[in-house]
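Coordinate analysis (summary)
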Amino acid sequence: MLSSMEGVISLGVGEPDFVTPWHIREAAIYSVEKGYTMYTSNYGLLQLRQELAQYLELHYGLSYHPEHEILITVGTSEGLDLALRAILNPGDEVIIPDPCYVAYPPDIILAGGVPISIPTYKENNFVIKASDIESRITKRTKAILIGYPTNPTGAVMPREELNEIAMLAQQYNLLVISDEIYARLTYGIEHTCFASLTGMKEQTILLGGFSKAYAMTGWRIGYIAANCQLIEAMTKIHQYTMLCAPIMAQMAAIEALKNGDSDIGRMTQEYDRRRRLMVKRLNDIGLSCFEPKGAFYAFPSIEITGMSSEEFAEKLLLEEKVAAVPGSAFGQCGEGFLRCCYATSLSNIEEALKRMGRFVKKYG
Ligand SMILES: Cc1ncc(COP(=O)(O)O)c(C=O)c1O
């Protein structure tokens with residue numbers, strides 16, 4: 001619908017509106033000029049894995065062996081698929097929050113597993129509770145798959161809650177797949193890496209990527225850090241499906257890790273301004289919105305209109321030319337909400353919220 005319309009302001013797509021910083025693009029261009037156009041090791045360039053090992057040490061005090069405990073993937077998406085395919089036997093259960101990133105349930109099913117959704121609520125800031133997880137653990141539970149800061153709500157897990165999940169994982173011997181693609185996009189809060197919690201490095205499959213923090217969605221580059229047995233199992237699947245991640249993207253990722261920190265600072269500062277504007281304006285027009293502390297999504301309630309989230313999103317697009325994603329796309333608990341991505345200009349946010357205000361007045 002969107003592609004056939006003109007004048008639409010999109011709060012729909014979950015990607016940065018910034019282009020990849022120039023020095024990162026330049027590094028990739030130079031590498032091509034120098035003739036780096038071949039396959040790399042299945043694991044990825046050693047230099048990139050070394051940079052990542054240093055990065056994880058610096059930020060989280062984690063010590064991963066660059067040769068055996070890090071695998072370079074084609075985006076976090078591939079990392080997620082590899083993790084699930086490597087660990088699941090048919091019928092194994094994976095616990096996920098509801099709402100969650102759209103790919104989690106289908107990826108689990110494609111890997112032969114069964115997604116077990118745990119409801120999360122606005123009243124709890126969309127945080128998954130260890131006690132709720134425990135009540136759904138069965139003999140078939142293999143892993144807990146979480147991703148904080150989270151898509152679609154922007155929620156961040158407090159360290160204490162993460163610690164409780166870590167204790168549960170140890171008690172029931174479960175793996176935790178931690179999708180930390182939004183780790184660098186937090187506002188006023190330090191990110192806690194799940195693998196850095198006491199005793200969790202061995203039991204965590206840490207998924208990371210460059211798409212969001214470095215504005216590199218099109219490069220398709222990410223990584224997995226985990227213990228060497230798991231990395232070996234995932235590499236088997238990776239080598240027979242992808243072979244390796246593109247060398248140009250790996251070269252760009254090396255430059256991002258080496259010199260990209262100030263870009264992240266600049267972009268997060270801008271996202272933060274947009275975040276504060278969007279949350280304030282949503283609440284002003286009557287769409288109550290809890291304060292997201294990470295990623296670049298706001299998740300307001302649209303209940304006052306009495307519409308389903310799908311109906312709301314469709315009507316909003318047709319009548320006011322604002323695109324946003326119905327909360328129900330992310331699970332049953334997303335019903336009654338709308339995902340609005342604020343990775344767009346302040347003037348777009350202002351205009352979109354003006355149109356949404358008019359819409360809510362009409363139907364609220
Ligand atoms: C939570 C989450 N995980 C993974 C991905 C996929 O990221 P990548 O571009 O690294 O494959 C996304 C993209 O929107 C996401 O929101």
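Fair warning: this is a prediction, and the values are worked out from it, not measured in the lab.

**Remarks on empty space enclosed by the protein**
- In total, this model carries three cavities of 30 Å³ or more according to the counting rule given.
- Considering only enclosed or pocket space, the largest cavity measures out at about 140 Å³ in volume.
- Together, 17 residues line the largest cavity, and Tyr 55, Glu 180, Ala 183, Gly 209 and Tyr 223 are the ones closest to its centre.
- Secondary-structure elements contributing two or more residues to the lining of the largest cavity are helix H2 (46-60) and strand S7 (204-209).
- In the lining of the largest cavity, the residues fall into 13 nonpolar, two polar and two charged.
- The calculated volume of the second largest cavity comes to roughly 80 Å³.

**Section: the packing of helix H9 (residues 261-284) against helix H11 (residues 346-363)**
- The interhelical angle for the contact between H9 and H11, taken along N-to-C directions, is 10°, at an axis separation of 10 Å. Classed by the angle they form, the pair H9 and H11 counts as roughly parallel. Only Leu 346, Ile 349, Glu 350, Leu 353, Lys 354 and Met 356 of H11 make contact with H9, whose side of the interface consists of Glu 270, Arg 273, Arg 274, Leu 277, Met 278, Arg 281 and Leu 282.
- The class makeup of the residues in the contact of H9 with H11 is seven nonpolar, no polar and six charged.

**Quick word on the state of the cysteines**
- Considering all chains together, one arrives at zero disulfides under this definition.
- Here Cys 193 stays unpaired: no disulfide links it, and the sulfur of Cys 228, its closest cysteine neighbor, is 18 Å away.
- What makes Cys 193 buried here is its relative accessible area of 1%.
- By relative accessible area, Cys 228 is classed as partly exposed at 35%.

Scoring rules and cut-offs
- Residues numbered from 1 in each chain as written.
- Predicted model: local features only at pLDDT ≥ 70, side-chain atom pairs only at ≥ 80, totals over all residues.
- Heavy atoms only, no water.
- 1 Å grid on protein atoms, 1.4 Å probe; cavity = no way out; pocket = protein on both sides within 12 Å on 5 of 7 lines; lining within 4 Å.
- Points joined across faces, edges and corners; volume = space filled by probe spheres on them.
- Helix = DSSP H or I, 4+ residues; strand = E, 2+ residues; numbered from the N terminus.
- Nonpolar A, V, L, I, M, F, W, Y, C, P; charged D, E, K, R; others polar.
- Axes fitted to C-alpha atoms, helices over the stretch in contact; angles between N-to-C directions.
- Parallel < 35°, antiparallel > 145°, perpendicular 65-115°, else oblique.
- Contact = heavy atoms within 4.5 Å.
- Disulfide = S-S within 2.5 Å.
- Buried < 20%, exposed > 50% of the residue type's maximum accessible area, 1.4 Å probe, protein only.

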